[in-house]
Amino acid sequence: MDQQYAIEMLNITKRFPGIIANDNITLQLKKGEIHALLGENGAGKSTLMSVLFGLYQPEEGVIKKDGVEVHIKDPNDANRLGIGMVHQHFKLVECFTVLDNIILGVEPNKAGFLQKGEARAKVMALSEKYGLHVDPDALIEDITVGMQQRTEILKMLYRDNEILIFDEPTAVLTPQEIDELMVIMKNLAAEGKSILFISHKLAEIMAVADRCTVLRRGKYIGTVETKSTTAEALSAMMVGRNVNFHVEKKPSKPGDVILDVKNMTVASKGHKKNAVNDVSFKVRRGEIVCIAGIDGNGQTELVYGLTGLEPLSGGTIELCGKDITKAPIRRRSTGGMSHIPEDRHKHGLVLDYTLEDNMVLQRYFEPEFTKMGFLRRKNIRAYAERLIEQYDVRSGQGPVTMARAMSGGNQQKAIIAREIDKNPDLLVAVQPTRGLDVGAIEYIHKQLVAQRDAGKAVLLVSLELDEVMDVPDRILVMYEGEIVGQLDPKKTTQEELGLYMAGAKRDEVIS
Amino acid sequence: MKKLLKNDAFQTLIASLLCIVVGLFLGFIVLLFINPSGAASSIVEVIKNFMHFSSGKLRLKNLGNTLVKTAPLLMCSLSVLFAYKVGLFNIGAAGQYVVGSAVSLYCALALHLNWLLCILLAFVAGAIYAAIVGVLKALCNVNEVISGIMLNWIALYGANTILSNVKEPTSPYTLHITGESPSSLIPSLGLDKLFNNNSYVTIAIPLAIIIAIVILVLLNKTKLGYELKATGNNKNAAKYAGMAEKRNIILTLMISGALAALGGAFLYLSDYEQWSCSQSSVPGMGFNGIAAAFLGGLNPIGSILSSYFIQHITNGGAYVDLTKYSSQISDLISSIIIYLCGFVFFLKYAISSRLEKSEEKRARKAIADHEKGGEE
């Protein structure tokens, strides 16, 4: 009977000082199946995978490959057993070509001279067989995220890996690329590869996985057939309670115009074409406006222009009736704009600062926190403690925890606490739920709606279709740097939204 | 003990001491290769430095000499450290030190200005000179290491040219301040008495220590320190938070340059050394400041100790038996030790990762024991 399993992890227990990361967890991966591993941030998924890769040694439990017990002491052992992984953040050399990246570390050579012809033939054959379209001679830095991911998959296949692990592979993809990836995964499984799919996106698990193992707070909750369960049941298993997918909100009561953008144009760094071209829109008090669109259609630049990170090459911006087109970032911030940035590590946090120092990042200069040029440490501590309490930001050592040591969800919560507590007139939230688990997403959506109900104007930028349909009161679709449609989320469908996003449909938008 | 071992400052201290021991050992090996007979006694001389003398008075006088040169080294080390905390590698400290030396000497010997004025002008000149690096970095994205190195040479030959106006007619050395303009000498305020009337010992030494404390406070307690460190750690986040990150880069280099220039003024306004207008290499003081900053664990207080140590062995090198070794040996030995000082952070990392591993092992064992106990 054991023979049907490609990999079995039986009763794995792994402890760290003060915490049991994996408590008696069993995961059995059948040959040729797609097996999802579901759990919130901190549920123990990463630890379990690190055990499988030999990065950690479990205190208890055994690992079996094809029914035979194996000891995996380091990642090289895992490679020899045919286990490969596509990491969430790709491990690619940016300035190498696709082909060079695929053969990296296992370069075919004769007496030290590379034999790329051989490698190219093998890569092209694999690419053909599984429908993994790549340009072997393109540089990684020039290709789309989707093609980078296909390169990572080819890397595993080139090494003849039988067990393929995908760590949250859809977090970085556009809806179209996600669909493509699903097809690829199914192809791979049909060819006899066994796939472990780590995710917390229920819809994807339901769509692609055969079975699903659920972890919660380091404990094994159960393994279910996706055919005989529902997304709701899975999410209840994952968070231990029923989660409300639908965002509860009353109809909006838009008030005065807070943000008035007229003919905004932002030049592009890489191309001659403008990244944002002649965009005009308004956001009023008491409404959530969502900028939707496929990644890379000018949303990032739009936000940069709005918040002052990039200069405009044309147009004007008014915040609460004041012209801020040329205002420095600090004046926009003190003038009533809060910004939850797209990239929390790049912009949102100083990772080597403590949580409390990050909490005052936008206000440290205020008299409450600075007197005569000296920081008022006591007040900073008190302020941070209040935010931590009020917004339930969890961390190892409270206010003195290094931001780097916090989980992604709590880092995001800290930023949201900081930005909302500034009591802004306009809240700009860019992909505020990216990479977060269901519980945290629900929390953040509630906060956005609460801000709206408190009479703030909220501008949400999102790539997640569910979020776009659920949270805002008005949707503006961006395509190639222009706003091509204004939709009412109550009246539109995902299909219609998709047509606008893909540029197949456009209206003249007058706002 | 375990808690102590985990303490960050303690780890740095241990790593620094290890570097010193390894450095001394390597120096010893090199001496062994050159001439085995004098190796042991020579390395002992290096460590002994002023203890080489048997009379207490001479010891005090020579300790004073070591301290006189520690002050400028400490200033250079603070200069490097300050910039490094803001994410900038100010290798130009060597040139800024030269600018400070030249301006202070010129003000003293040619203009006969009061010592305080000389120091202040050196301070301003260092800041302006470093601002060139800062402006190039902030506005044109020129790497501060490249522009710093170029400016080091410009500073050196600039200094040689200017100071040729105030040199002794028959030698390449600048005039003695004591003879030309006594009011330009940094006062001793009685400190010289403590070191057996060593007139070179001035208030520059306590001043340097006070400045180290000021830098410590500036970095950790003030709004400016908060902004500068944020810029150094993540300049995108600093920009996002509305900090003027370009201004911060320029300001940081100006402060850093002013510190290094003060070092030059502290040394030359004590009249301990004369500037040689024919020298063709940038003085090592600024570069040694890099080693002192790292050996001190990038902490201003650590810098005080590490600067003293480096100066201690540099001076000690002078007592190596020159009948057995060539005269460059002292520089060779001290440079080997200084070179090893660069390994502080590597060693610190090794210590803490070793500690983590053993802890994990122990925890695992404790749990296993506990469970065994439970079963019985």
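Residues numbered from 1 in each chain as written. Chains lettered and ligands numbered in written order. Predicted model: local features only at pLDDT ≥ 70, side-chain atom pairs only at ≥ 80, totals over all residues.

Let us now look at the overall build of chain A. Counting its secondary structure elements, chain A contains 17 helices and 24 strands. Taken against the 2.2 N^0.38 rule, which gives 24 Å for 511 residues, the C-alpha radius of gyration of chain A at 25 Å falls within 12% of a compact globule. Seen through its C-alpha atoms, chain A measures out along the principal axes to roughly 70 × 50 × 50 Å. For chain A, long-range pairs separated by at least 24 residues make up 67% of all intrachain contacts whose partners lie at least 6 apart in sequence. (Helix = DSSP H or I, 4+ residues; strand = E, 2+ residues; numbered from the N terminus. Rg over C-alpha atoms; globule rule 2.2 N^0.38 Å. Contact = placed C-beta atoms within 7 Å.)

Attention now moves to the pairing of strand β15 (residues 287–292) of chain A. Residues and elements named next belong to chain A. For β15, the tally of buried residues reaches 6 of 6 residues, placing the bulk of the element in the interior. Along β15, one buried face is formed by Glu287, Val289 and Ile291 and the opposite face, lined by Ile288, Cys290 and Ala292, is buried too. Direction of pairing for β15 relative to strand β22 (residues 457–462): parallel, over a ladder of 6 bridges. Residue pairing across strands places alanine 292 opposite serine 462, the latter belonging to β22. Judged from the 4 bridges that link them, β15 and strand β23 (residues 474–479) form a sheet pairing that is parallel. What sits directly across from isoleucine 291, in β23, is leucine 476. (Buried ≥ 20, exposed ≤ 12 C-beta atoms within 10 Å, placed from the backbone. Pairing = 2+ DSSP bridges.)

Now for unusual backbone geometry. Backbone geometry at A:Asn24 places phi at a positive 55°, although glycine is not the residue there. Its place among the elements puts A:Asn24 in strand β2 (residues 19–30). In this structure A:Asn24 comes out as partly exposed when scored by C-beta crowding, with 14 C-beta atoms within 10 Å. Backbone geometry places B:Asp271, a non-glycine residue, at a positive phi of 65°. Note on placement: B:Asp271 falls in the loop between α13 (245–268) and α14 (285–295).

This next bit is on the interface of chain B and chain A. With 18 residues of chain B at the interface, the matching set in chain A holds 25 residues. If you list the elements that add at least two residues to the side of chain B that touches chain A, you get α11 (223–233), α12 (235–240) and α17 (344–375) of chain B. Residue contributions to the side of chain B that touches chain A peak at 5 residues, all from α11(B).

This paragraph deals with the sheet that holds strand β18 (residues 337–340) of chain A. Residue and element names in this part refer to chain A. Taken in spatial order, the 6 strands of this open sheet run β18-β21-β22-β15-β23-β24, and their pairing is mixed. Lying at the two open borders of the sheet, with one neighbouring strand each, are β18 and β24 (482–487). If you compare each strand with its neighbour and ignore which way they point, the axes differ by 20° on average. Here strand β21 (residues 426–430) pairs with β22 via 5 bridges, running parallel. Among the inter-strand pairings, leucine 427 is bridged to a residue of β22, identified as valine 458. (Axes fitted to C-alpha atoms, helices over the stretch in contact; angles between N-to-C directions.)

This part covers helix α9 (residues 299–307) of chain A. All names here are of chain A. Where burial is concerned, most of α9 is hidden: 9 out of the 9 residues are buried. Listing the buried residues of α9 in full gives Gln299, Thr300, Glu301, Leu302, Val303, Tyr304, Gly305, Leu306 and Thr307. In the stretch just after α9, glycine 308 is the one whose phi turns positive, near 95°.

Below, the discussion takes up the sheet that holds strand β14 (residues 276–284) of chain A. Residues and elements named next belong to chain A. Read across the open sheet, the 4 strands follow the order β14-β13-β16-β17; overall the sheet is antiparallel. The open sheet terminates on both sides in strands that have one partner only, identified here as β14 and β17 (322–323). Where strand β13 (residues 257–266) lies against strand β16 (residues 314–319), 5 bridges are found, and the strand directions are antiparallel. Looking at the pairing, aspartate 260 lines up with glutamate 318 of β16.

Here we come to the environment of B:Ser334. All names here are of chain B. Topologically, serine 334 is positioned in helix α16 (residues 329–341). Considered as a pair, serine 334 and isoleucine 310 are 24 residues apart in the sequence and their alpha carbons are 7.7 Å apart. Once residues within four sequence positions are removed from consideration, serine 334 is found in contact with Ile313, Thr314 and Gly317.

When its domains are assigned, chain A resolves into domain 1 (2–239), domain 2 (246–336 + 424–511) and domain 3 (346–420). Of note, the centres of domain 1 of chain A and domain 2 of chain A, computed from C-alpha atoms alone, are 35 Å apart. (Domains from an automatic or database assignment.)

All names here are of chain A. In this structure, strand β1 (residues 5–16) lies alongside strand β4 (residues 60–65), joined through 5 bridges in antiparallel fashion. Considered in β4, the bridge of leucine 10 is made with valine 62. One ladder, built from 3 bridges, connects β4 with strand β5 (residues 68–70); its direction is antiparallel. Opposite lysine 65, over in β5, you have valine 68 as the bridge partner. Hairpin geometry of β4 and β5 is characterised by an intervening segment of 2 residues between the two adjacent antiparallel strands and by a positive phi of about 50° at aspartate 66.

Turning our eyes to something else, we now look at the nonpolar core. All names here are of chain A. Grouped together as the largest cluster of nonpolar side chains are 142 residues, with contacts concentrated most on Phe197, Leu426, Val428 and Val477. The element that contributes the greatest number of residues to this core is helix α15 (residues 438–453), accounting for 6 residues. Those residues in contact with phenylalanine 197 that sit more than four places away from it in its chain are Ile34, His35, Ala36, Leu37, Phe166, Val208 and Ala209. (Core = buried A, V, L, I, M, F, W, Y, C linked by C-beta atoms within 7 Å.)

Residues and elements named next belong to chain B. Between helix α5 (residues 93–109) and helix α6 (residues 115–140), the least distance of the axes is 8 Å, while the angle of their chain directions is 145°. Relative to α6, the crossing made by α5 is right-handed. Of the residues in α6, those in contact with Gly95, Gln96, Val99, Gly100, Val103, Ser104, Cys107 and Ala108 of α5 are Leu117, Cys118, Ile119, Leu121, Ala122, Ala125, Gly126, Tyr129 and Ala130. In terms of residue class, the contact of α5 with α6 is made up of 12 nonpolar, 5 polar and no charged. (Left-handed = near helix turned anticlockwise from the far one by under 90°. Nonpolar A, V, L, I, M, F, W, Y, C, P; charged D, E, K, R; others polar.)

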